[in-house]
Amino acid sequence: MKTEKIQLAHGEAVLISYLHDLSPKFPNAERRQTVLILPGGGYATISDREAEPVALAYLAEGFNAFVLRYTVGEGAHWPQPLEDAQAALDWIVDHSGEYHVDTQRIALVGFSAGGHLAAAVGTQGRRRPSALVLGYPCLGQPQCGLMPMHPPALLGAADDKTPPTFLFSTYEDEVVPVTQTLRFAAELAEKEIPVECHVFQHGIHGLSLAKPFTSSGRIAKVDESVQQWHPMSVQWLRRLWGDYPTTLHERRPTAESLGAYCIDALGGSLMENQSCMRILCEYYPPMCRKEYAWGARPVTIRDLNAMLPHGMALTEEKLRELDEALRQVPLPEREA
């Protein structure tokens, strides 16, 4: 994983990236599905509890993640945060090649006031994300009017360009009534925009991942049921976008498929022939022991040799010699 702080040219907002390292072991995930996380904080502060922990949770599920620390606090005015979020989304798309982002699969993930901001981008933004994930979002009055910037209420703001949306909240939320989440979900349904909505009965406002390490030590910020919102959101995004492709079948280079006993055949394929087994034991004496032979079954002899420590691995000359010896062993004749 690598992280980077990016100072956006627009305003004083900072974008923080959490990216998977490139590796030939991930050929099916060169372009990553991506989340842009907008923490809450009532437009007065930025909640650390809804920032990096959430980014790392999505990172662990194969996403690239970005956290936007948008403009908040004294002297800040709406629509500055909306402009920050739009600039962050633009930046991610514009740098998608460098940061290996799939531009067709970017979701905004927002909590409370960050949920308001994500919904504002999703309903009013010049560029819209591919999906929204909103946690206990503040969407209506009087809550919007009580925040420092007095951002506009968004109930009734959804339009035909609003992307599919995943929402979660709690019935017991004492700050933002659950009815705001339910009303927004209903508005999306009326416009035939795909929506999934989860209302957990118990839990206070601002639960983040609802786990002990995001609780600030407060028992009220831990709830096993609400913890399920995150895997649910991942499952929802996978259903919406599809998962990374897994179409390749396991490579099974047997002696029969290769047309000869050789070092490029799987060890298990060679061990089925007693003559080959004697030759292998001659070059690799530990293979005479069952536990060593067992471990060599699922790999080719060439790959096995590359994994062995210096004192046990054959030289290239010896490896060629072993290959030639194995090729002298005839394959069994196929039945007609």
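The structure this text deals with has already been given above.
Residues numbered from 1 in each chain as written. Predicted model: local features only at pLDDT ≥ 70, side-chain atom pairs only at ≥ 80, totals over all residues. Heavy atoms only, no water.

Describing the state of the cysteines
Thought 1: Under the definition given, this model contains zero disulfides.
Thought 2: Free of any disulfide, Cys281 has its nearest neighbouring cysteine sulfur in Cys288, separated by 3.2 Å.
Thought 3: A residue is classified by how much of its surface remains accessible, and Cys281, at 15% relative accessible area, is buried. (Disulfide = S-S within 2.5 Å. Buried < 20%, exposed > 50% of the residue type's maximum accessible area, 1.4 Å probe, protein only.)

Things to note about the packing of aromatic side chains
Each pair of aromatic rings is reported with the distance of its centres and the angle of its planes.
Thought 1: All told, the structure shown has ten aromatic pairs when counted by the stated rule.
Thought 2: Ring geometry for Phe111 against Trp229: centres 5.6 Å apart, planes inclined by 75°, an arrangement best described as edge-to-face. Of the two residues, Phe111 sits in strand β5 (residues 101-111) while Trp229 sits in helix α7 (residues 229-241), which places them 118 residues apart along the sequence.
Thought 3: Judged by its relative accessible area of 0%, Trp229 falls in the buried class.
Thought 4: Each ring, one from Phe166 and one from Trp236, has its centre 5.9 Å from the other, and the planes form 50°; the classification is tilted. Taken together, the positions of Phe166 in strand β7 (residues 165-170) and Trp236 in helix α7 put the pair 70 residues apart, joining distant regions of the chain.
Thought 5: Clustering of aromatic rings is evident, with ring pairs tying together Phe111, Tyr136, Phe168 and Trp229.
Thought 6: In this structure, Arg32 packs its charged tip against the face of Phe26, placed 5.4 Å from the ring centre.
Thought 7: Arg32 extends its terminal NZ or CZ atom over the ring of Tyr244, reaching a point 5.8 Å from the ring centre. (Phe/Tyr/Trp six-rings, centres within 6.5 Å; stacked < 30°, edge-to-face > 60°. Helix = DSSP H or I, 4+ residues; strand = E, 2+ residues; numbered from the N terminus. Lys NZ or Arg CZ within 6 Å of the ring centre and 35° of its normal.)

Regarding the environment of Glu324
Thought 1: One can find Glu324 in helix α13 (residues 316-327).
Thought 2: Note: C-alpha distance between Glu324 and Trp229 (95 residues apart in sequence) is 59 Å.

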